[in-house]
Amino acid sequence: MTDDPTDGGAARAASPEDGFTALRAVADAVLYEGYLLYPYRRSSPKNRVRWQFGVLTARAWAEAAGPGAGPAGVSGAADSWYQQTECLVRADPAARVRIRLRHLQLQRKQVERSDGRGGHLPVESLDSGGTVHLTFDEAVPRETGVAVTLGDLFAGERAYDAGWPGGEDTEPLPGGAGRVVRRRWPVGARLRVRAEEQPGSPGLYRLWIRTENTGSEPGPDAPRETALRHALLATHTLVGGEGLEFLSLTDPPPRAAAAARQCRNVHTFPVLGGAPGSSGLVLSSPIILSDHPQVAPESPGDLHDAAEIDEILTLRTMLLTDDEKREARATDARAARILDRVESMPQEVFERLHGAIRSLEPAPAARAAAPWWQEGGDEGLSPATDTVLVDGVPVAAGSRVRLRPSGRGADAHDMFLTGRTARVAAVFHDVDGSVHLAVTVDDDPAAELNAWYGRHYYFRPHELESLDPPGPDGRGPGSRPAQAGPAPGEPLGPDGREPLDALRPDGPAPGGREGPRGPEPLDEEERRGDGRTRTVGA
């Protein structure tokens, strides 16, 4: 892990011999994804709502009414108090497993002006000797590593403390104008690990890794900005070791397909890391990636937005005004480094950002069948006739509902629809087993046109109130029940432990956000993919 000027010297550096070198570029892109977005200024609206991936808060706060109160799935964009990784590995029991837990710890950068009497007053900004200093939330990279023999995990679960203390650093500003105080709050965390051999598959093991926020602060009524002070941010896990062969969960060998289907991952998803064809590393990320993700070799540095194109962001950054650049430099040290890199970028480096040919293979033939998420695309799903229970009442296409968007974490547009009535257009299933209902708002003047285009609002079942009474048989006409997962807040047992052999669904569950079940393998055609390298940050 490279040194960071905001680290304060407290981060635990990783050993260069830990075997994770091939994963670190991608892992760092995950760590800082969305940390600070173009135009890299504090005043930008998109930089006022931050920390969207891999956020693990105190349990009491996460389980209160909000994003973490709904069904749990692989989506890492929902605030939770834990992450759970399950992956398959072939190895000898004597093999050594190395795990590295990585996350950010929030650090408040508070600018204070000298009051002339030996004291200081907090301010939002301060100009000191021609340099502007802005109050802002930074983050410190944290990394904790453990190593354990695989055989030792058969006897029982191992637990490791992974928390970090709080602290405060003070930086005086030139000329006695004031100071910058950087404060961190304690973060309580635990890393739990266990493993078991898969029945009927000697030498094949399921590895279970769970990261939990064990802190008690803040309470359930605290605002999110307070909860983030004691949270693990952008949490993800690297797994490797000696003599280990990990199996892909999205494209498992046929004999391991059933075992892969039993793996349950919550708020994170493991993929094979390293070069294509290798199987000795795993990256479990809150941002769902494909196997063997790689940073594009043309990318000269992280821009904290891997969903964008480097060339576009570089051009936009070049066009910032002098005042905008001045604010960006004052906002965060990472923003200042981005500006320095863009302004000094050689022409030949910039030209490489324009594009690259990765493969000269012919384009695959277009699929004649409907997309898997539409009617007829998957024989196991029928958006037009599937039903889902809403407060005990089956709801399907044609049902009338009242919209009740969740309070904390709901889409801003959805909040304006609170209390409005709507008609369900279809029931859709996500890859992780959750269900979303497409609706058309009753009094929307563009409702007919939107329905013709297939444009709808999407809500989860717990955000709706049924307005139709159930039929005589308790179901809607011509409808069939959708698969149901465990209820939100399902107990994990007296010790918070979930058994590895818990009941799992047997069938595939197609694609999107959070849901009550772990990820199911896609159908054979979807699992294969195109075999190309995932590009991050280009």
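Now for a look at the structure at hand. All values reported here derive from a predicted model rather than from experimental measurement. (Residues numbered from 1 in each chain as written. Predicted model: local features only at pLDDT ≥ 70, side-chain atom pairs only at ≥ 80, totals over all residues. Heavy atoms only, no water.)

1. Digging into the overall build of the chain
Okay, step 1: When helices and strands are counted, the chain shows eleven helices and 23 strands.
Okay, step 2: When the 538 residues of the chain are sorted by exposure, 49% land in the buried category.
Okay, step 3: In the chain, 73% of the contacts between residues at least 6 apart in sequence involve partners at least 24 apart.
Okay, step 4: Total accessible area on the chain is roughly 25000 Å²; 52% of this is exposed by carbon and sulfur atoms. (Helix = DSSP H or I, 4+ residues; strand = E, 2+ residues; numbered from the N terminus. Buried < 20%, exposed > 50% of the residue type's maximum accessible area, 1.4 Å probe, protein only. Contact = heavy atoms within 4.5 Å. Areas by Shrake-Rupley, 256 points an atom, 1.4 Å probe, with all protein chains shown as cover.)

2. Some remarks on the packing of aromatic side chains
Working definition: an aromatic ring pair is given by the centre-to-centre distance plus the angle between the planes.
Okay, step 1: The full count for this structure, using the stated rule, is six aromatic pairs.
Okay, step 2: Here the aromatic rings of Phe 428 and Tyr 458 are separated by 6.1 Å at their centres, their planes lie at 55°, and the arrangement is tilted. Taken together, the positions of Phe 428 in strand 18 (residues 421–429) and Tyr 458 in strand 20 (residues 457–459) put the pair 30 residues apart, joining distant regions of the chain.
Okay, step 3: Clustering of aromatic rings is evident, with ring pairs tying together Tyr 32, Tyr 35 and Trp 51.
Okay, step 4: Across from the ring centre of Tyr 35, 5.0 Å away, lies the NZ or CZ of Arg 50, which sits over that ring.
Okay, step 5: Here Arg 210 stacks its cationic end above the ring of Tyr 82, 3.8 Å away from the centre of that ring. (Phe/Tyr/Trp six-rings, centres within 6.5 Å; stacked < 30°, edge-to-face > 60°. Lys NZ or Arg CZ within 6 Å of the ring centre and 35° of its normal.)

3. Remarks on the pattern of salt bridges
Okay, step 1: Under the definition given, this model contains 31 salt bridges.
Okay, step 2: Put simply, Lys 325 and Glu 343 hold a salt bridge, and the shortest N to O gap is 3.1 Å. Residue Lys 325 is located in helix 6 (residues 322–331), and its partner Glu 343 is located in helix 7 (residues 333–343); the two are separated by 18 residues in the primary sequence.
Okay, step 3: A relative accessible area of 13% places Lys 325 in the buried class.
Okay, step 4: For Arg 329, the salt bridge identified is with Glu 343, shortest N-O distance 3.0 Å. Note that Arg 329 is positioned in helix 6 and Glu 343 in helix 7, a separation of 14 residues in sequence.
Okay, step 5: By relative accessible area, which is 31% here, Arg 329 ends up partly exposed.
Okay, step 6: Here the salt bridges do not stand alone but share partners, grouping Glu 157, Arg 190, Arg 192, Arg 194, Arg 210 and Glu 212 into one network. (Salt bridge = Lys/Arg side-chain N within 4 Å of Asp/Glu carboxyl O.)

4. Observations concerning the sheet that holds strand 18
Working definition: the strands of a sheet are paired by backbone hydrogen bonds and lie parallel or antiparallel to each other.
Okay, step 1: Spatially, 20-19-18-17-21 is the arrangement adopted by the five strands of the open sheet, whose pairing is antiparallel. What marks the edges here is a single partner per strand, and that holds for strand 20 and strand 21 (464–466). The mean inter-strand angle of the sheet, taken between neighbouring strand axes irrespective of direction, is 50°.
Okay, step 2: Note that strand 19 (residues 435–441) and strand 20 share three bridges and pair antiparallel. Within strand 20, the position partnered with Val 439 by the bridge is Tyr 457. (Pairing = 2+ DSSP bridges. Axes fitted to C-alpha atoms, helices over the stretch in contact; angles between N-to-C directions.)

5. A few points about the pairing of strand 11 (residues 233–247)
Okay, step 1: Of all 15 residues in strand 11, eleven are buried, a share of seventy percent or more.
Okay, step 2: The pairing of strand 11 with strand 13 (residues 282–285) spans three bridges and is antiparallel. In the sheet register, Leu 238 faces strand 13, and the bridge partner there is Leu 283.

6. Focus on the nonpolar core
Okay, step 1: Formed by 24 residues in total, the largest nonpolar core has its most connected members in Tyr 35, Tyr 40, Trp 51, Leu 104 and Leu 233.
Okay, step 2: Broken down by element, this core gets its largest block of residues, four residues, from helix 7.
Okay, step 3: When sequence neighbours within four positions are dropped, the list of residues in contact with Leu 233 reads Trp 51, Phe 53, Gly 54, Val 55, His 103, Leu 104, Leu 106 and Leu 228.
Okay, step 4: Counting residues in each nonpolar core, the second largest holds 21 residues, with Ile 99, Val 146, Leu 191 and Leu 207 among its members. (Core = buried A, V, L, I, M, F, W, Y, C linked by side-chain atoms within 4.5 Å.)

7. Focus: the pairing of strand 18
Okay, step 1: With respect to burial, strand 18 is a largely interior element, seven of its nine residues being buried.
Okay, step 2: As paired elements, strand 17 (residues 400–403) and strand 18 share three bridges and run antiparallel to each other. What sits directly across from Arg 402, in strand 18, is Thr 421.
Okay, step 3: In this structure, strand 18 lies alongside strand 19, joined through seven bridges in antiparallel fashion. Following the sheet pairing, Ala 426 is matched in strand 19 by Ala 438.

8. Topic: the packing of helix 6 against helix 7
Okay, step 1: Where helix 6 contacts helix 7, the two axes come as close as 6 Å, and the packing angle between them is 135°. Relative to helix 7, the element helix 6 is oriented oblique. From helix 6, Lys 325, Ala 328 and Arg 329 reach across to helix 7, where they touch Ala 335, Ala 336, Leu 339, Asp 340 and Glu 343. (Parallel < 35°, antiparallel > 145°, perpendicular 65-115°, else oblique.)

9. As for helix 6
Okay, step 1: Of all the residues in helix 6, the buried ones are Lys 325, Ala 328, Ala 330 and Thr 331.
Okay, step 2: Summarising the contacts, the buried residues of helix 6 are in contact with strand 1 (82–114), strand 4 (131–134), strand 5 (136–149), helix 5 (310–318) and helix 7.

10. Notes on unusual backbone geometry
Okay, step 1: Between Tyr 38 and the following residue, Pro 39, the backbone shows a cis peptide bond with an omega angle of 10°.
Okay, step 2: Mapped onto the elements of the fold, Pro 39 is located in the loop between helix 1 (21–31) and helix 2 (59–62).
Okay, step 3: Omega for the bond connecting Glu 217 with Pro 218 falls within 30 degrees of zero, at -5°, which places this linkage in the cis form.
Okay, step 4: Within the secondary structure, Pro 218 sits in the loop between strand 10 (204–213) and helix 3 (224–227).
Okay, step 5: The phi angle at Tyr 40 is positive, at roughly 65°, despite the residue not being glycine.
Okay, step 6: Along the chain, Tyr 40 falls in the loop between helix 1 and helix 2.

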